[in-house]
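As a plain string of letters, each chain reads:
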Amino acid sequence: MAGHYAESIALPQNSQMPFISLNIVGDGEKTFFTPYTTVKAGNLNIGITALSKKTKGKDRLLVDSWRAVLKKQLPLMKKKFDFIILLSELSTRRTWK
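Source: prediction; values computed, not measured.

**Quick word on helix H2 (residues 66-80)**
Then, in step 1: In a regular helix each residue adds 1.5 Å, so 15 residues correspond to 21 Å; H2 covers 20 Å between its end C-alpha atoms and thus fits that length.
Then, in step 2: Considering bend angle alone, the principal kink of H2 is centred on Gln 73 and spans about 35°; proline Pro 75 follows within four residues of it.
Then, in step 3: Turning to H2, its buried residues are Trp 66, Val 69, Leu 70 and Met 77.

Spelled out as structure tokens, the structure:
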């Protein structure tokens, strides 16, 4: 997801699958992809979001610190959703910290 900019910018336009990321950013602090999606299950509002790990190299998208993003966004998401699903490429050990 945080691969080369030119390839990543075309992904959402060429797919019917929603691309979501809480910490891949474009200009400023604005998220590059939709930060989360909402799914209704009966009376429940379920939020689905995703985090990516930092990448190195030229022509890459900027990936914000997942810790900083969660610290800021999770309290806001808790107010909006009854349940939150987090998709992550981080190791289990790092995620539980």
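Now that the structure has been shown, we can carry on.
**A look at the nonpolar core**
Then, in step 1: Of all hydrophobic cores here, the largest spans eight residues; its members are Leu 22, Leu 51, Trp 66, Val 69, Leu 70, Met 77, Phe 81 and Leu 90.
Then, in step 2: Broken down by element, this core gets its largest block of residues, four residues, from H2.
Then, in step 3: Leaving out residues up to four positions away in the same chain, Leu 51 has contacts with Leu 22, Asn 23, Trp 66, Leu 70, Leu 86, Leu 87, Ser 88 and Glu 89.

**Quick look at the sheet that holds strand E3 (residues 44-51)**
Then, in step 1: The strand order E2-E3-E5 describes an open sheet built from three strands, whose pairing is mixed. Both edges of this open sheet fall to strand E2 (36-41) and strand E5 (83-88), since each of them pairs with a single strand only. Between one strand and the next, the sheet's axes are offset by a mean angle of 25°, whatever the strand orientation.
Then, in step 2: Strand direction decides the pairing type here: E2 and E3, joined by six bridges, are antiparallel. The partner of Tyr 36 across the bridge, within E3, is Thr 49.
Then, in step 3: Docked against the sheet, H2 engages E2, E3 and E5, running at close to 170° with respect to E3.

**Description of the side chain of Asn 23**
Then, in step 1: As for its placement among the helices and strands, Asn 23 is situated in the loop between helix H1 (5-10) and strand E1 (24-25).
Then, in step 2: The buried category is assigned to Asn 23, whose relative accessible area is 0%.
Then, in step 3: Each residue touching Asn 23, except ones within four places of it in the same chain, is listed here: Ala 50, Leu 51, Ser 52, Leu 62, Val 63, Asp 64, Trp 66 and Val 69.

**A closer look at the environment of Ser 65**
Then, in step 1: You can see Ser 65 is positioned in the loop between strand E4 (62-63) and H2.
Then, in step 2: In this structure, the C-alpha to C-alpha distance between Ser 65 and Leu 51, residues 14 residues apart in sequence, is 9.3 Å.

**Structural notes on the packing of aromatic side chains**
When we look at a pair of aromatic rings, we describe it by the centre distance and by the angle of the planes.
Then, in step 1: Summed over all chains, the structure comprises one aromatic pair.
Then, in step 2: An angle of 85° between the planes, with centres 5.3 Å apart, marks the rings of Tyr 36 and Phe 81 as edge-to-face. Taken together, the residues span a long stretch of sequence, with Tyr 36 in strand E2 and Phe 81 in the loop between H2 and E5 at a distance of 45 residues.
Then, in step 3: Exposure remark for Tyr 36: the relative accessible area of 22% places this residue in the partly exposed category.

Procedures and definitions
- Residues numbered from 1 in each chain as written.
- Predicted model: local features only at pLDDT ≥ 70, side-chain atom pairs only at ≥ 80, totals over all residues.
- Heavy atoms only, no water.
- Helix = DSSP H or I, 4+ residues; strand = E, 2+ residues; numbered from the N terminus.
- Expected span 1.5 Å × (residues − 1).
- Bend = angle between axes of the 7 residues up to and from the residue.
- Buried < 20%, exposed > 50% of the residue type's maximum accessible area, 1.4 Å probe, protein only.
- Core = buried A, V, L, I, M, F, W, Y, C linked by side-chain atoms within 4.5 Å.
- Contact = heavy atoms within 4.5 Å.
- Pairing = 2+ DSSP bridges.
- Axes fitted to C-alpha atoms, helices over the stretch in contact; angles between N-to-C directions.
- Phe/Tyr/Trp six-rings, centres within 6.5 Å; stacked < 30°, edge-to-face > 60°.

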